[in-house]
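Each chain is listed here by its residues.
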Amino acid sequence: MAEGAAGPGGAERYFTRWYKPDVKGRPCEDFCVLQHSNRICVITLAEAHPLLQSGKTIKNINYQISANCSRLQNKVSGKSKRGAQFLTELAPLCRISSSDGEEYTIYSCIRGRLIEVNENILSNPALLQEKPSTEGYIAVVLPKFEESKSITQGLLTPKEYEEVLLKRRSSAS
């Protein structure tokens, strides 16, 4: 390998990327699900999400979904992950406000137990934009074992997602 050239990172080596574009019919609000071979899934923003476009500054990240539900209150214990909040595909994980006044709701995109949320982005929101696939992840979700093969139905492969992005660009011009 050439000096200075890096090999694939952990996200590329151990995770399979899946994409969910236009979640809840909201254009360009795309999410990425990184699926590990042990079936754990990491929810991140997809490259085309408005929050990752130039000029956006993240003002606030809020894991308080409703008066009675905070993702920060998720307490998981033991091998069977007792106490984990169960999520559906359209369960909100957090809300992110940008400095231009826009608010984005980040959704789970898959069914499963919420294992953890990334509390590091609360004190350092720039991680979301600088390293969305690694330290800037949103949450970790564990699908049920019997659903782990089928959770990717309805998600796009990187190649299919690239086609969606090309169609968007061509329709915008």
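A description of the sheet that holds strand β7 (residues 86-87) should follow, citing residues and the corresponding values.
Consider a sheet: its strands pair through backbone hydrogen bonds, and that pairing is either parallel or antiparallel. Strand order in this open sheet of six strands is β1-β2-β3-β11-β10-β7, and the pairing throughout is antiparallel. Strands with a single pairing partner mark the edges of an open sheet, and in this sheet they are β1 (15-20) and β7.

Give a description of the nonpolar core that names residues and reports values.
Grouped together as the largest cluster of nonpolar side chains are 31 residues, with contacts concentrated most on Val 33, Ile 61, Ile 96, Ile 110, Leu 128 and Ile 138. The residues contacting Ile 96, other than those within four sequence positions of it, are Leu 51, Ile 58, Asn 60, Ile 61, Glu 102, Glu 103, Tyr 104, Ile 106, Leu 128 and Ile 138. Residues Leu 34, Val 42, Ala 46 and Ala 48 belong to the second largest nonpolar core, which totals 13 residues.

Give me the lowdown on helix α4 (residues 158-172), citing residues and values where you can.
Taking 1.5 Å per residue, 15 residues should reach 21 Å; α4 reaches 21 Å between its end C-alpha atoms and fits that length. Those residues of α4 that sit buried are Tyr 161, Leu 165 and Arg 168. Angular distribution of buried residues about the axis of α4 spans 55°; they occupy a single face of the element. Away from its buried face by more than 90 degrees, α4 exposes Lys 159, Lys 167 and Ser 171. Of the surrounding elements, those touching the buried residues of α4 are β1.

An account of the pairing of strand β8 (residues 92-98) is needed here, citing residue identities and associated values.
By the criterion of burial, β8 is predominantly enclosed, with six of the seven residues buried. Relative to strand β9 (residues 103-107), β8 is paired through five bridges, and the arrangement is antiparallel. Bridge pairing in β9 links Pro 92 to Tyr 107. Taking the residues that link successive antiparallel strands as the turn, the β8-β9 hairpin has four residues, and the phi of Gly 101 there is positive, at about 95°.

Explain the confidence of the model for the chain to me, and be specific about the residues and the numbers.
Taken residue by residue, the chain gives an average pLDDT of 86. The fraction at 70 or more is 92%. When the criterion is pLDDT under 50, residues 1-8 qualifies, and its contacts beyond four places in sequence or with other chains add up to three contacts.

Can you break down the layout of surface pockets residue by residue, with the values?
Taken as a whole, the largest pocket holds about 150 Å³ of empty space. What lines the largest pocket is a set of 13 residues, and nearest its centre among them are Glu 89, Cys 109, Ile 110, Ile 151 and Gln 153. Classifying every residue of the lining of the largest pocket by side-chain character gives six nonpolar, three polar and four charged.

Criteria and cut-off values
- Residues numbered from 1 in each chain as written.
- Predicted model: local features only at pLDDT ≥ 70, side-chain atom pairs only at ≥ 80, totals over all residues.
- Heavy atoms only, no water.
- Pairing = 2+ DSSP bridges.
- Helix = DSSP H or I, 4+ residues; strand = E, 2+ residues; numbered from the N terminus.
- Core = buried A, V, L, I, M, F, W, Y, C linked by side-chain atoms within 4.5 Å.
- Buried < 20%, exposed > 50% of the residue type's maximum accessible area, 1.4 Å probe, protein only.
- Contact = heavy atoms within 4.5 Å.
- Expected span 1.5 Å × (residues − 1).
- Arc of directions from axis to C-beta.
- pLDDT = per-residue confidence, 0-100.
- 1 Å grid on protein atoms, 1.4 Å probe; cavity = no way out; pocket = protein on both sides within 12 Å on 5 of 7 lines; lining within 4 Å.
- Points joined across faces, edges and corners; volume = space filled by probe spheres on them.
- Nonpolar A, V, L, I, M, F, W, Y, C, P; charged D, E, K, R; others polar.

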